Amino acid sequence: MWYEHRRGSHHHLPDNVQSWTYETGSLTQRLRDYYGNTIAVTILFHQWRIPFLSERRQLQLPQHRYGLTREVILHQHGKPLLLARTIIPEETIKVAHRNLSHLGTRPLGEVIFSYPDLERITMDLTLVSPARWMLQAKQTANIDQPVWGRRTVYAIQKRPMLVSEFFLPEILGH
């Protein structure tokens, strides 16, 4: 379950979770500031698909509209730090000159925070129990405890994309 974040309010979160959740800049850059250039991306999933109902609602997409869906894990020497799921509608890819559909192993944050007109529209918070994760995610990210996450709608030239980021235990120590 996602909880809406309203500007100016902070939910009662552990301090280490608040620090990451309310980060206004690029999480990729923050990771690089701490770990240097050893941050890498492993792609778990990258293809066009119909987003989940809650994601379509966030993006105000019609029921059968596809979005480019990308799931990745950011890690340092195989140590999982951040699990991310991004939904990018076709219109957003077009205004971004297709830069967002050809990321490869580049982190999304490295690209979107370079757009001068990037806007943060909404942000929701969640705490996900290990039972809710698929086996592959649990094994790849070593998920054995509840994981905090944020889901943010960003817009480039008023065209939205949804970025869900989950803070794995290793990241919360920094």
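Anything mentioned here points back to the structure above.
Quick summary incoming for the structure in this document.

Before going further, it helps to spend a moment on the environment of leucine 83. Along the chain, leucine 83 turns up in strand β4 (residues 79–89). Discounting chain neighbours no more than four positions away, the residues touching leucine 83 are Leu44, Val72, Ile73, Trp133, Ala137, Ile143, Ser164, Glu165, Phe166 and Leu168.

The final tally for this structure, using the stated rule, is 1 cavity of 30 Å³ or more. Around the largest cavity, the lining is made up of 18 residues, and of these Thr28, Leu108, Gly109, Val163 and Glu165 lie nearest the centre. When residues of the lining of the largest cavity are traced back to their parent elements, those giving at least two are α2 (27–35), β3 (67–76), β4, α5 (108–112), β6 (147–156) and β7 (159–167). Among the residues making up the lining of the largest cavity, the classes are represented as 11 nonpolar, 4 polar and 3 charged.

Take a nonpolar patch on the surface next. On the surface, Trp48, Ile50 and Tyr66 cluster together to form a nonpolar patch covering roughly 290 Å² of accessible area. Checked against the element boundaries, tryptophan 48 lands in strand β2 (residues 39–49). Judged by its relative accessible area of 39%, tryptophan 48 falls in the partly exposed class.

What counts, and at which threshold
Residues numbered from 1 in each chain as written. Predicted model: local features only at pLDDT ≥ 70, side-chain atom pairs only at ≥ 80, totals over all residues. Heavy atoms only, no water. Helix = DSSP H or I, 4+ residues; strand = E, 2+ residues; numbered from the N terminus. Contact = heavy atoms within 4.5 Å. 1 Å grid on protein atoms, 1.4 Å probe; cavity = no way out; pocket = protein on both sides within 12 Å on 5 of 7 lines; lining within 4 Å. Points joined across faces, edges and corners; volume = space filled by probe spheres on them. Nonpolar A, V, L, I, M, F, W, Y, C, P; charged D, E, K, R; others polar. Patch = residues over 30% accessible without salt bridge, like charges linked within 9 Å, V, L, I, M, F, W, Y side chains within 5 Å. Areas by Shrake-Rupley, 256 points an atom, 1.4 Å probe, with all protein chains shown as cover. Salt bridge = Lys/Arg side-chain N within 4 Å of Asp/Glu carboxyl O. Buried < 20%, exposed > 50% of the residue type's maximum accessible area, 1.4 Å probe, protein only.

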